[in-house]
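Coordinates in review
In case you want the letters, here they are:
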Amino acid sequence: MNSPVPEAPFTVLDVGGTTLRIAEYAPATGTLSRVRRVPVDGMARDPDAPVAVLQERVVAQLVREIEAHASTGPAPRAVGVAFAGPITAGGLVLAAPTVWGRRGAPLPLGARLSERLGVPVIVVNDLTAAAWRYAAGEDEPFCLLTVSSGIGNKVFRGGEILLDADGHGGELGHWTCDTSPDAPLCDCGGRGHLGAIASGRGVLAAARRAATAEPSGFASSLLAGEHGSPEALTNEALAAAIRADDPFATAVLRGTLTPLAQAIGSVFTSIGICRYIVMGGFALAVGERYRRLLVGELTRLGCFGLDAAAVDAMVSLGVADDDHGLIGAGRLLARRLPAPLPVPAGPGVAR
């Protein structure tokens, strides 16, 4: 008796501001294999290039990586792309501040890739994809937050992500929380956005400003001992100092957590979401101390109707890996695409 032909895998990608991740996803087991990470050919590598040039470079890079991936393994049945930016239901990328900077023309990324590759391609926001990873293990509505090179969020409720067809929603990183004329500049070109203040890049910029403005406080911190000057500070050093309860580094982070806690409070009070999962490279690098400091700020500001214990219980950290968008894109593909009928191997049958 012939065994059924294994279901063809998906190729999944997660495109962030600095890193492109690509992997093979097996829908039958929900597992990743052949994971590879490379720098994105975006503004992080060439900050002075025009938006249109960077868009073409990124598209070309995605095609190259997908074709190279397929050349060393089974051909994918479909491709799923988790992308850092607001995206319509049809796969039109409206903006990508961390990938190609200030807003250019919308890019029909899904259509472009499908045309070049000859297989179905689904493109969704990276947080939308990541939310599908966590949806499998959550019994109640939740808000997923990422704190990395930028800030984003997605709310999962009633079996779906709360977005409209034009991709609006889940962009707390572009909420204007500082209206002063000299507020920090966001990658999108706006000033005072939450992502410019409370993201990993925002916290690092705040630390450098504080080190320059308060040289004595900086001189007594762990950061000065390792790096010497504000310009030499890194996110890795900052996260390590916060984990070690360094007063200077902790005070910087607390200052950036105030608007983030306000944003969470607005989601809670407006639509009653009582579960918040925090992920992203910077937040997870700081770890449990980040969660505790955020909970402390939420408690100080107050969540209407909740006591301190309830506030503490509603915030948790995501899984400490880099696979959120990859796993989520695979699960979303498995949900949206019908399972293929198994085709027995035999003479004259294409495999």
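Data block above holds the structure.
Residues numbered from 1 in each chain as written. Predicted model: local features only at pLDDT ≥ 70, side-chain atom pairs only at ≥ 80, totals over all residues. Heavy atoms only, no water.

**A short note on the sheet that holds strand 4 (residues 78-83)**
Convention followed: At least two bridges found by DSSP between two strands is the condition for calling them paired. For helices the rule is a DSSP run of H or I covering at least 4 residues; for strands it is a run of E covering at least 2, with both sets numbered from the N terminus onward. Lines fitted to C-alpha atoms define the axes, with helix axes restricted to the stretch in contact, and inter-axis angles between N-to-C directions lie between 0 and 180 degrees. Contacts between residues were defined by any pair of non-hydrogen atoms, one from each residue, lying within 4.5 Å.
Sheet architecture is open: 5 strands sit in the order 3-2-1-4-5, paired in mixed fashion. Strand pairing shows two members of the sheet lacking a second neighbour, strand 3 (31-39) and strand 5 (121-125), which therefore form its edges. Each strand of the sheet is rotated relative to its neighbour by a mean of 15°, with strand direction disregarded. Sheet topology places strand 2 (residues 19-26) next to strand 3; 7 bridges connect them, and they run antiparallel. Each bridged residue has a counterpart across the sheet, and for Ala26 the counterpart in strand 3 is Thr31. Here helix 1 (residues 51-71) sits on the sheet in contact with strand 1 (10-15), strand 2, strand 3 and strand 4, set at roughly 35° to strand 2.

**A word on the nonpolar core**
Here is the rule: Side-chain atoms within 4.5 Å are what join buried Ala, Val, Leu, Ile, Met, Phe, Trp, Tyr and Cys residues into a set we call a nonpolar core. Burial classification: accessible surface area is computed with a 1.4 Å probe over protein chains only, and a residue below 20% of its type maximum counts as buried, one above 50% as exposed, and the rest as partly exposed.
Judged by nonpolar contacts, the single largest core of 49 residues is most densely connected at Leu223, Leu260, Tyr276, Phe282, Tyr290, Leu294 and Leu298. Ignoring sequence-local partners within four residues, the contact set of Phe282 consists of Val147, Ser148, Gly200, Val203, Asn235, Leu238, Ala239, Ile242, Leu253 and Tyr290. Ranked by size, the runner-up nonpolar core spans 31 residues in total, among them Leu13, Leu54, Val59 and Val79.

**Notes on helix 12 (residues 288-301)**
Rule in force here: To estimate how far a helix should extend, the number of its residues minus one is multiplied by 1.5 Å.
Over its 14 residues, helix 12 extends 20 Å from the first C-alpha to the last, a length consistent with the 20 Å expected when each residue adds 1.5 Å. Where helix 12 is concerned, the buried positions are Arg289, Tyr290, Arg291, Leu293, Leu294, Val295, Glu297 and Leu298. One or two positions beyond helix 12, positive phi appears at Gly302, with a value near 90°.

**Brief notes about helix 10 (residues 247-271)**
Our working rule: Bend, at a single residue, is the angle you get between axes fitted to the 7 residues ending at that residue and the 7 residues starting at it.
The end-to-end C-alpha distance of helix 10, which contains 25 residues, comes to 36 Å, matching closely the 36 Å that a straight helix rising 1.5 Å per residue would cover. The largest bend in helix 10 comes to about 30°, at Leu257, with the proline Pro259 one to four residues further on. Trailing helix 10 by a residue or two, Gly272 shows a phi angle of about 70°, which is positive.

**Concerning the side chain of Ser316**
Condition: Here a polar contact is taken to be a pair of N or O atoms separated by no more than 3.5 Å, where protein atoms must pair a possible hydrogen donor with a possible acceptor and residues adjacent in sequence count only if both atoms sit in side chains.
Position of Ser316 among the secondary structure elements: in strand 10 (residues 315-317). Judged by relative accessible area, Ser316 falls into the buried class, the value being 18%. A polar atom in the side chain of Ser316 sits 2.7 Å from the side chain of Arg275. Each residue touching Ser316, except ones within four places of it in the same chain, is listed here: Arg275, Tyr276, Ile277, Val278 and Arg291.

**Focus on the packing of aromatic side chains**
Put simply, the rule reads: Between rings of Phe, Tyr and Trp, where Trp is taken as its six-membered ring, a pair exists when centres lie within 6.5 Å; planes separated by under 30 degrees are stacked, by over 60 edge-to-face, and by other angles tilted. Only when the NZ of Lys or the CZ of Arg is both within 6 Å of the ring centre and within 35 degrees of the ring normal is a charge said to sit over the ring.
Inspection of every chain in the model, using the stated rule, returns 6 aromatic pairs. On the numbers, 6.4 Å between centres and 90° between planes, the contact of Phe282 with Tyr290 is edge-to-face. The structure contains a cluster of three or more aromatic residues connected by ring pairs, namely Trp132, Phe142 and Phe156. Stacked on the ring of Tyr134, the Lys or Arg Arg133 has its end atom at 5.7 Å from the ring centre.

**Brief notes about unusual backbone geometry**
Where the residue is not glycine, phi is negative for most of them; where a peptide bond is considered, it is trans in most cases. The backbone of Arg34 sits at a positive phi, close to 50°, despite the residue not being glycine. By secondary structure assignment, the location of Arg34 is in strand 3.

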